[in-house]
Amino acid sequence: MAEGNDTLQERLSSEYSAGFVTDIESETLPPGLDEDTVRHISAKKEEPRWMTDWRLQAYRRWRTMHPPRWAHVQFPPIDFQAISYFSAPKGDRPKSLEEVDPEILSTYEKLGIPLHEQEALAGVERPRVAVDAVFDSVSVATTFRETLREAGVVFCSIADAVREYPELVRKYLGSVVPRADNFYAALNSAVFSDGSFVYIPKHTRCPMELSTYFRINAQNTGQFERTLIIADEGAYVSYLEGCTAPMRDENQLHAAVVELVALDDAEIKYSTVQNWFPGDAEGRGGIYNFVTKRGACLGARSKISWTQVETGSAITWKYPSVVLRGDGSTGEFYSVALTNNRQQADTGTKMLHIGRNTKSTIISKGISAGQSQNSYRGRVRMNPAATGARNYTQCDSLLIGDRCGAHTFPFIESRIPSAIVEHEATTSKVNEDQLFLCQQRGIDPEKAISMIVNGFCKEVFRQLPMEFAVEAGKLLEVSLEGAVG
Amino acid sequence: MLEITDLHARAAGKPILKGIDLVVRPGEVHAIMGPNGSGKSTLANALAGRPDVEVTAGDMRLVGTSLIGLAPEERAHLGLFLAFQYPVEIPGVSNMEFLKAAVDSHNKALERDELSAASFVALVREAASRLHLAPEFLRRGVNAGFSGGEKKRNEILQMLLLEPRLAVLDETDSGLDIDALRTVASGVNAFASEANAVLLITHYQRLLDHITPDFVHVLLDGRIARTGDKSLAHALEADGYARLAESGT
């Protein structure tokens, strides 16, 4: 049925609609990385001395480290001296939305990201979402800061947080992902540019969804964002991040670090819709998405839930994890990773059970089309003290066509006999019979594939905030265009 | 309604249909019978445009339009429906969602107004209850975990909702117990009208006890060997296909 697969294939190729470039004047550091680069970034952000030193220590560690080689991905070595580590729109940081460059505002408008508080307020039907917009290396706007402040919630760029909330930043930055955790985390710690900072005070339910929208615009520039979210005792927050970049022929590096901290009875729900430029059909260009995301359930009965929909990037290397330290804490990981054309993804999670009666759930859905490679990599570890710990893992792979690959690398380490670990895995294909059934009922093949794939992902989409679930479904549809055969 | 002339077709590279001629008029029910491997399913698949069946000669016309070269969904929009012998599962896609997509696609192709969600649900519920399908059946994934009988009744449900001009039922009776067979047959009988036509493909005569055909055709080695009325089916039941093959054509 090779012929059938070709048709499947044709339907998976599509235009990347976020691939435009915004024409603005930027101030970009020349390529290269040394201690002066780190000092320069720190000075640009008017950071206190302790922050500069923190970065320099990270940089020194990074120089002694090597990129990880164990992932099931292939790419030529990256020349870290050929990358520019800082790029920002020219001029002072805007103090309010009115001061933001109209070109930048229209960029976010084109991407469907609301940066106008009034507009969002007027739409009674639409739930309000506060947005932190990060453009290349800087945050250009954060909406609803005032409204949130009234509720005691802090939502600002990490650069502002370093200046305005130094105690919180000093206490928690690097506490979940240490500076020398891994090669890319160390690099990020040295050169991180911007990202979001969230603090939800005790017994506060954040009054709206928070989101950060990352946009890489400048050429030949890496984006190294850093996000830190702290939910104090009994607090709740739902947070979403989205990402896009212009279409370019060369690869660009995105090495982010996200740290989440949940104290007693706190809950953090973190959702990602990742749509970085995936490269073209021949595998030219695209983002290298090398990201370290980890949450610490420090408090008793705390909960951290990661939901990710990964459709973009040439290469994805990311394992949003949870350290379950508090007794009775819960970690969740829901993932849809779609690869098409020549994309490669090595993604999954780690659940480290330390506290008693800790629970974790992993639901991973991998979809491979074209000549892509899609791997799930997971580690579930039950420490000796984690009595009553439980994990449930379900890992499903869906193949479209016969030139792609799906791989599963689950690692389970249980050092305590009472722990319960369940693992289920399936691999299936979108087959010609399903497609033919749909077509016979009048449904065109493109719609049919998207329906089949959406059905496959349903368990994960259910975890996303409603409006984003619709987005994710659409994104999947676009990413799959031309994948049918 | 349907006009097949000198149809030759290959399946998996092998010649299967070797010159089929058949005319089906509105209001008629035709039964196609024949032993395994005689080409019954290939005929159904050739009509519906399954990619692995290749038409090498001849023509098939539905309401005057040639089906050759049309995509399966275009044939469906023209009014061709195929009830599958082995309906496949689509996990995670609810039956209701699937039915809605199917009906919407027809309405769009035929430039009819889209049904409101409420009237669509009412329509589906009504049809499902006629087939003794419980409402929760509509929320489950398409054919996922359905029994053999449920899958076949689900096919008939789709037929009732799509209101095709020509319904081709490929071995719809296989794997059904007698109650399910009766339910399916009454669904087909309720559907059949002067405005449409039914092509029943079956190995056994027993379905024809419940749905009375106007014509019975016997397919042997890719050709229609005999055509008769209902009594031909009874003769086959008594004597078997081998006898018919011996008696020559």
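Since the model is a prediction, treat every value here as computed from it, not as a measurement. (Residues numbered from 1 in each chain as written. Chains lettered and ligands numbered in written order. Predicted model: local features only at pLDDT ≥ 70, side-chain atom pairs only at ≥ 80, totals over all residues. Heavy atoms only, no water.)

### Here we look at the overall build of chain B
Filter applied, for reference: Helix numbers and strand numbers start at the N terminus; a helix is a DSSP run of H or I with at least 4 residues, a strand a run of E with at least 2. The classification of residues rests on relative accessible area computed with a 1.4 Å probe and restricted to protein chains. Under 20% of the type maximum is buried, over 50% is exposed, and intermediate values are partly exposed. We call two residues in contact whenever any of their non-hydrogen atoms come within 4.5 Å of each other. Note on areas: Shrake-Rupley with a 1.4 Å probe; residue coverage comes only from the protein chains shown. Note on charges: Lys and Arg go in the positive column, Asp and Glu in the negative column, and His and the chain ends are not counted at all. By convention, charge coordinates are those of NZ in Lys, CZ in Arg, CG in Asp, or CD in Glu.
Helix and strand content of chain B: eight helices and twelve strands. Structurally, chain B occupies a C-alpha span of about 55 × 40 × 35 Å along its principal axes. Across the 249 residues in chain B, those meeting the buried criterion constitute 54%. Pairs at least 24 residues apart make up 69% of the contacts formed inside chain B by residues separated by at least 6 positions. Entry remark: accessible area of chain B is about 10700 Å², with carbon and sulfur atoms responsible for 50%. Considering chain B, the positive charge centre built from 25 side chains and the negative charge centre built from 33 side chains are found 2 Å apart.

### Quick word on the overall build of chain A
Within chain A one finds twelve helices and 23 strands. Look at the contacts in chain A between residues 6 or more apart in sequence, and 85% of them connect residues 24 or more apart.

### Details of the sheet that holds strand β1 (residues 2-11) of chain B
All names here are of chain B. Keep this limit in mind: Here, strands pair whenever DSSP counts at least two bridges between them.
The strand order β2-β1-β4-β5 describes an open sheet built from four strands, whose pairing is antiparallel. Each end of this open sheet is capped by a strand with a single partner; those strands are β2 (14-24) and β5 (65-66). Pairing between β1 and strand β4 (residues 53-62): eight bridges, direction antiparallel. Bridge pairing links H8 to A57 in β4.

### Examining the interface of chain A and chain B
To be explicit about the condition: Put simply, buried area is how much 1.4 Å-probe accessible surface two parts lose in total, over both of them, once they are put together. We count a salt bridge whenever a side-chain nitrogen from Lys or Arg sits within 4 Å of a carboxyl oxygen from Asp or Glu. Whenever two N or O atoms come within 3.5 Å, that pair is a polar contact, provided that in protein one can donate a hydrogen and the other can accept it, and provided that, for residues adjacent in sequence, both atoms are side-chain atoms. Gly counts as polar in this scheme, as do all residues outside two lists: the nonpolar Ala, Val, Leu, Ile, Met, Phe, Trp, Tyr, Cys and Pro, and the charged Asp, Glu, Lys and Arg.
On the side of chain B, 33 residues touch chain A, which itself brings 19 residues to the contact. Both faces considered, chain A and chain B share a buried interface measuring about 2000 Å² in area, 65% of it formed by carbon and sulfur atoms. The largest share of the area that chain A buries against chain B comes from F436(A), Q440(A) and R441(A), three residues that together contribute 37% of it. Remark: the boundary between chain A and chain B carries three salt bridges. When the shortest N-O distance is used, the salt bridge between R441(A) and E155(B) registers 2.6 Å. Here chain A is connected to chain B by 13 residue pairs in polar contact (both at pLDDT 80 or more). Contributing elements (two or more residues each) for the side of chain A that touches chain B: α10 (432-440) and α11 (445-461) of chain A. For the side of chain A that touches chain B, the class distribution of residues is nine nonpolar, five polar and five charged.

### Comments concerning the state of the cysteines
All names here are of chain A. Here is the rule we go by: Any cysteine sulfur atom paired with another within 2.5 Å is treated as part of a disulfide.
In total, this model carries zero disulfides over all chains according to the counting rule given. You can see C206 has no disulfide; the closest cysteine sulfur is in C156, sitting 13 Å from it. As a non-bridged cysteine, C395 has C457 as the owner of its nearest cysteine sulfur, 13 Å distant. What makes C395 buried here is its relative accessible area of 3%.

### Description of the confidence of the model for chain A
Residues and elements named next belong to chain A. Put simply, the rule is: Each residue carries a pLDDT score, the predictor's own confidence in it, on a scale running from 0 to 100.
Summing up the model confidence of chain A, the mean pLDDT is 83 and the portion of residues at 70 or higher is 83%. Low pLDDT (under 50) marks residues 1-13, which in the prediction has 53 contacts with non-local residues, meaning those over four places away or in another chain. Here residues 118-126 scores under 50 on pLDDT; set against residues more than four positions off or in separate chains, the count is five contacts.

### Remarks on helix α3 (residues 49-63) of chain A
Residues and elements named next belong to chain A. Condition: Helix span is expected to be 1.5 Å times the residue number reduced by one.
Across its 15 residues, α3 extends 21 Å between first and last C-alpha, which sits within 8% of the 21 Å expected from 1.5 Å per residue. Taken together, the buried positions of α3 are occupied by W50, M51, T52, W54, R55, L56, A58, Y59 and W62. Buried residues in α3 make contact with α2 (35-44), α7 (158-164), α8 (166-172), α9 (183-191) and β8 (226-231).

### So, the pattern of salt bridges
By the definition in use, this model includes 33 salt bridges over all chains. K318(A) is the salt-bridge partner of E310(A), the closest N and O atoms lying 2.4 Å from each other. Like E310(A), the residue K318(A) is buried in the burial classification. D104(B) serves as the salt-bridge partner of K100(B), at 2.9 Å between the closest nitrogen and oxygen.

### Thoughts on the confidence of the model for chain B
In the predicted model, chain B carries a mean pLDDT of 90, and 98% of its residues have values of at least 70. Here the predicted complex scores 0.80 on pTM and 0.94 on ipTM.

### Observations regarding the packing of α11(A) against helix α3 (residues 95-109) of chain B
What counts, and what does not: The convention used is that axes are lines fitted to C-alpha atoms, helices contributing only their stretch in contact, and that angles between N-to-C directions extend from 0 to 180 degrees. For classification purposes, angles smaller than 35 degrees are called roughly parallel, those larger than 145 roughly antiparallel, those between 65 and 115 roughly perpendicular, and all remaining angles oblique. For any helix crossing, the convention is left-handed if the near helix is rotated counterclockwise from the far helix by under a right angle, and right-handed if that rotation is clockwise.
At a closest axis distance of 12 Å, the pairing of α11(A) and α3(B) adopts a crossing angle of 165 degrees. By the criterion of interaxial angle, the relationship of α11(A) to α3(B) is roughly antiparallel. Every pair of crossing elements has a handedness; the one defined by α11(A) and α3(B) is right-handed. Contacts from K447(A), M451(A) and K458(A) of α11(A) reach α3(B) at E97(B), F98(B) and A101(B). Looking at the contact of α11(A) with α3(B) residue by residue, the classes come out as three nonpolar, no polar and three charged.

### Describing helix α6 (residues 148-162) of chain B
Residues and elements named next belong to chain B. An ideal rise of 1.5 Å per residue puts 21 Å on 15 residues; α6 measures up with 22 Å between its terminal C-alpha atoms. Of all 15 residues that make up α6, 14 are buried, and the element is covered over most of its length. Trailing α6 by a residue or two, E163 shows a phi angle of about 45 degrees, which is positive.

### Here's the deal with unusual backbone geometry
Residues and elements named next belong to chain B. Within the chain, H132 stands out as a residue other than glycine whose phi angle is a positive 55 degrees. Residue position: H132 is located in the loop between α4 (117-130) and α5 (136-139). Looking at H132, the relative accessible area reads 57%, which means it is exposed. Unusually for a residue other than glycine, D221 sits at a positive phi of about 50 degrees. If you trace the backbone, D221 turns up in the loop between β11 (215-220) and β12 (223-228). For D221, a relative accessible area of 46% puts it in the partly exposed group.

### Overview of the sheet that holds β11(B)
The pairing of strands in a sheet happens through backbone hydrogen bonds and is either parallel or antiparallel. Residues and elements named next belong to chain B. Read across the sheet, six strands follow the order β6-β9-β10-β3-β11-β12 without closing on themselves; strand pairing throughout is mixed. Only two strands of the sheet have a single neighbouring strand rather than two, namely β6 (80-83) and β12. Ignoring which end each strand starts from, the neighbouring axes of this sheet average 20 degrees apart. With four bridges connecting them, strand β3 (residues 29-33) and β11 associate as parallel partners. Residue pairing for β11: H30 is matched across the bridge by F215.

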